[in-house]
Amino acid sequence: MSNVLIVYGSTTGNTEWVAGQLESQIKAAGHSVSKAKAGDVSADGLCAGKDLVLFGCSTWGEDEIELQEDFIPLFDSFDKIQASGVKTAVFGCGDEDYKFFCGAVDAITDKLASLGSQVVGGKLKINGDPDGATDAIKTWGAAVIGAL
Ligand SMILES: Cc1cc2nc3c(=O)[nH]c(=O)nc-3n(C[C@H](O)[C@H](O)[C@H](O)COP(=O)(O)O)c2cc1C
């Protein structure tokens, strides 16, 4: 049994819903999962002792990438999360009509890689209502579980 953490930032509830789907799926695979809002966690040692940390974040802004507001202070302290050598995975909701579709997922992935984390599963970017993306979420969740 692996020790998994899901941390997410979500304004209208879309990324939060995806986080809940992933929590259920990973628990059903027999792992221990905890889930927290980005605004409720401290960056200090966030990834220490975890087998896998999933980060979920929606994207805001117009002509530049803006992370979901609760995620910004955490992201600004990412150097403290102790991601080196820890597996991570990144997902988020967005809208393809924007210039930077799910740009937050790209920014978080790049930062984790620069911190020495092994980012697994590829990026899960969901366009529009995540209700319509249950198959993609399940497929991605399975890939992430498979990397444990
Ligand atoms: C003002 C505004 C700016 C947005 N900017 C982006 C963007 O740059 N890229 C993107 O992919 N989606 C963008 N979106 C879409 C949101 O990310 C999308 O609605 C998402 O599902 C919200 O997820 P959440 O409920 O988890 O916060 C924007 C939405 C609004 C209202």
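Below you will find a few notes about this structure. (Residues numbered from 1 in each chain as written. Predicted model: local features only at pLDDT ≥ 70, side-chain atom pairs only at ≥ 80, totals over all residues. Heavy atoms only, no water.)

**Comments concerning the pairing of strand 2 (residues 32-37)**
As a reminder of what qualifies: Should DSSP find at least two bridges between two strands, the strands are taken to pair. Numbering of helices and strands runs from the N terminus; a helix is a DSSP stretch of H or I covering at least four residues, while a strand is a stretch of E covering at least two.
As defined by bridge partners, strand 1 (residues 3-9) adjoins strand 2 across six bridges and the pair is classed as parallel. Each residue of the ladder has a partner; that of Ile 6, found in strand 2, is Lys 35.

**Side note on the pattern of salt bridges**
Our working definition: Salt bridge criterion: a side-chain nitrogen from Lys or Arg within 4 Å of a carboxyl oxygen from Asp or Glu. The buried label applies to any residue whose accessible area, calculated with a 1.4 Å probe on protein chains only, is under 20% of its type's maximum; exposed applies above 50%, and partly exposed to all values in between.
Tallied over the entire structure, the rule returns five salt bridges. Of the charged contacts in the structure, one is a salt bridge between Lys 35 and Glu 23, with a shortest N-O distance of 3.6 Å. Highlighted residues: Lys 35 in strand 2 and Glu 23 in helix 1 (residues 14-28), separated in sequence by twelve residues. With a relative accessible area of 16%, Glu 23 lands in the buried category. The salt bridge partner of Asp 106 is Lys 125, with a shortest N-O separation of 3.0 Å. Here the residue Asp 106 occupies a position in helix 3 (residues 103-114), and Lys 125 occupies one in strand 7 (residues 118-127), the gap between them amounting to 19 residues.

**Notes on unusual backbone geometry**
Its identity as a non-glycine residue notwithstanding, Gln 82 has a phi of 60°, on the positive side. Among the secondary structure elements, Gln 82 is positioned in the loop between helix 2 (71-76) and strand 6 (87-94). The backbone phi angle of Cys 102 is positive, close to 50°, even though this residue is not glycine. Along the chain, Cys 102 turns up in the loop between strand 6 and helix 3.

**Some words on the site of the ligand**
Defined as follows: Any residue with at least one heavy atom within 4 Å of a molecule or strand is counted as near it. Here a polar contact is taken to be a pair of N or O atoms separated by no more than 3.5 Å, where protein atoms must pair a possible hydrogen donor with a possible acceptor and residues adjacent in sequence count only if both atoms sit in side chains. Residue exposure ignores everything except the shown protein chains as possible cover, and the areas themselves are Shrake-Rupley values with a 1.4 Å probe. Buriedness for pockets is judged along seven lines, at least five of which must meet protein on both sides within 12 Å for an open set on the 1 Å grid over protein atoms alone, while cavities are sets there where a 1.4 Å probe fits but cannot get out, and lining residues have an atom within 4 Å of a point. What decides whether a molecule sits in a cavity or pocket is whether more than half of its atoms lie within 2 Å of the grid points. Each residue is assigned to one of three groups, with Ala, Val, Leu, Ile, Met, Phe, Trp, Tyr, Cys and Pro labelled nonpolar, Asp, Glu, Lys and Arg labelled charged, and all others, Gly among them, labelled polar.
As a matter of local geometry, the ligand sits amid 18 residues, with Ser 10, Thr 12, Thr 15, Ser 58 and Thr 59 nearest to it. For the ligand, an oxygen atom lies 2.8 Å from a polar atom in the backbone of Cys 102. Out of a free accessible area of 650 Å², the ligand has 83% covered by protein chains. Its atoms largely coinciding with the cavity grid, the ligand occupies the largest pocket. Those elements giving two or more residues to the shell around the ligand turn out to be helix 1, strand 4 (59-60) and strand 6. When its residues are assigned to classes, the shell around the ligand shows six nonpolar, ten polar and two charged.

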